[in-house]
Amino acid sequence: EINMKAFRKLPSLAKQTQSLVRAPRASISTLDDKFGLTEEQIAIQEMALSFSKSELAPNAAEWDEKHYFPKDVMRQAAQLGFGGMYFESDYGGSELGRLDGSLIFEALSSGCVSTAAFITIHNMCGWMISKFGNDEQKQRWLPDMSTMDKMASYCLTEPNSGSDSASMVSFAKREGDYYVLNGSKCFISGGPESDMYIVMCKTAEKEITCLVVEQGTPGLSFGKLEQKLGWNSQPTSMVLFEDCKIPVANRLGEEGEGFKFAMMGLDGGRVNIASCSLGGASFAIDTTKEYLNSRKQFGKPLSAFQALQFRFADMHMNLNASRLMVRNAARRIDEEDPHKTQHCAMAKKFATEACFQIADEALQMHGGYGYLREYPIERVMRDLRVHRILEGTSEVMSLI
């Protein structure tokens, strides 16, 4: 059973949840995606799916084309409890578990993978403050994060420090009640649009510490907006620090604990991004089914050709295998299983690779139309491709 205390404190959310418990079921994909879920989890999932269909899906193509960062819509999602999923209700959070979050992100990604993915990053930052911050820090930052009035970015990767994150060179020197931070981070989702940055940096040669850097801090600047293959509804840039004075009060935990925090955060981050892959692949399957039934060649619909039926069956099989692995990993985090890190890595590698292949196969089944921007399949394929890289590459997942 999930903890619904925080949800019931949000009147609009509680009302929708209660009505959805009694509503007819509408699956994300054509196969049952609700097996093993509680009534409350199904209600949360369907609420997220309803929001995705009404607010994300109709706008996703325009956001992608115009590189528009939909802060307004994400704040609407936050009103449903999606801005502070994992932290305490005392600070506006929803107190959800990782399986609950996986259901939400799969549903949101069926409407817009890119936007849902940014919400996962924001929630990872909120979780880190909730998990490792003190009471003053929680009170200071979490309420505005829960509404997404303040949006957060996670800063770990550097130009010469990718998979080998311990080789980072960004350094914060302690000077009285401040740290003076110098360095740079790259591939940062949110870029200049975020309000706060969870930054991993060194405070000694072999010591990584976590600092919260707030927008407007003197010495904080940003590189150019990156031109990317996908994820175009969220800006990405370098984040630069030049003699940034960060109060010691902005440090999460103690000096030297940052690397541990980062690795713990990645377990949940990997489940979340894999969940976004599930949502994109589910959308690709549903869209392809409609196309195969409506498109005719040689006097009959494409769905009547056995070769396509077999390929479509494999797409379903791989989606459901991915979903089982992702939800299993999420449950292991919730239950604090000692092997959760390995299961998160397995789920992340399997699901992100399988779901990208599903999107690619869906494009192939659409023929030339799938290659056009007028059809959504190519956007989903572009958005899913990066999931095999971020939060740990597939190759690093094999090492884990």
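Up top you'll find the structure we're talking about.
The structure reproduced in this document is the subject of the present report. (Residues numbered from 1 in each chain as written. Predicted model: local features only at pLDDT ≥ 70, side-chain atom pairs only at ≥ 80, totals over all residues. Heavy atoms only, no water.)

### Describing the nonpolar core
One broad trend across soluble globular proteins is that nonpolar side chains are buried collectively.
Logical step 1: In this structure, F82, L108, Y154 and M200 are the most contacted members of the largest nonpolar core, which totals 94 residues.
Logical step 2: Residues L211, V239, F241 and V248 belong to the second largest nonpolar core, which totals 16 residues. (Core = buried A, V, L, I, M, F, W, Y, C linked by side-chain atoms within 4.5 Å. Buried < 20%, exposed > 50% of the residue type's maximum accessible area, 1.4 Å probe, protein only.)

### Side note on the packing of helix α10 (residues 306–334) against helix α11 (residues 340–365)
Logical step 1: Their axes nearest at 8 Å, the elements α10 and α11 cross at an angle of 155°. Classified by the angle between their axes, α10 and α11 sit roughly antiparallel to one another. Here α10 and α11 pass one another in a crossing that is left-handed.
Logical step 2: When its residues are assigned to classes, the contact of α10 with α11 shows 19 nonpolar, 5 polar and 4 charged. (Axes fitted to C-alpha atoms, helices over the stretch in contact; angles between N-to-C directions. Helix = DSSP H or I, 4+ residues; strand = E, 2+ residues; numbered from the N terminus. Parallel < 35°, antiparallel > 145°, perpendicular 65-115°, else oblique. Left-handed = near helix turned anticlockwise from the far one by under 90°. Nonpolar A, V, L, I, M, F, W, Y, C, P; charged D, E, K, R; others polar.)

### Thoughts on unusual backbone geometry
Logical step 1: Residue M148 is not a glycine yet carries a positive backbone phi of 60°.
Logical step 2: Inspection of the secondary structure puts M148 in the loop between α8 (135–146) and β1 (152–155).
Logical step 3: In the Ramachandran plot, W231 falls in the positive-phi region, its phi being about 55° despite a non-glycine side chain.
Logical step 4: Structurally, W231 is set in the loop between β6 (220–222) and β7 (236–247).

### Quick notes on helix α12 (residues 377–385)
Logical step 1: By the criterion of burial, α12 is predominantly enclosed, with 8 of the 9 residues buried.
Logical step 2: Listed as buried for α12 are I377, E378, R379, V380, M381, R382, D383 and L384.

### A word on the state of the cysteines
Logical step 1: Tallied over the full model, the rule gives 0 disulfides.
Logical step 2: Not part of a disulfide, C244 finds its nearest cysteine sulfur in C201, a span of 10 Å. (Disulfide = S-S within 2.5 Å.)

### Considerations on the layout of surface pockets
Logical step 1: Looking at the largest pocket, its volume works out to about 980 Å³.
Logical step 2: Lining the largest pocket are 33 residues, with T157, I389, L390, E391 and G392 positioned closest to its centre.
Logical step 3: Secondary-structure elements contributing two or more residues to the lining of the largest pocket are α7 (113–132), β3 (178–189), α9 (258–294) and α12.
Logical step 4: Lining the second largest pocket are 15 residues, and of these R98, W127, K131, I333 and E336 lie nearest its centre.
Logical step 5: Put simply, the parts of the chain that give the lining of the second largest pocket at least two residues each are α7, α9 and α10. (1 Å grid on protein atoms, 1.4 Å probe; cavity = no way out; pocket = protein on both sides within 12 Å on 5 of 7 lines; lining within 4 Å. Points joined across faces, edges and corners; volume = space filled by probe spheres on them.)

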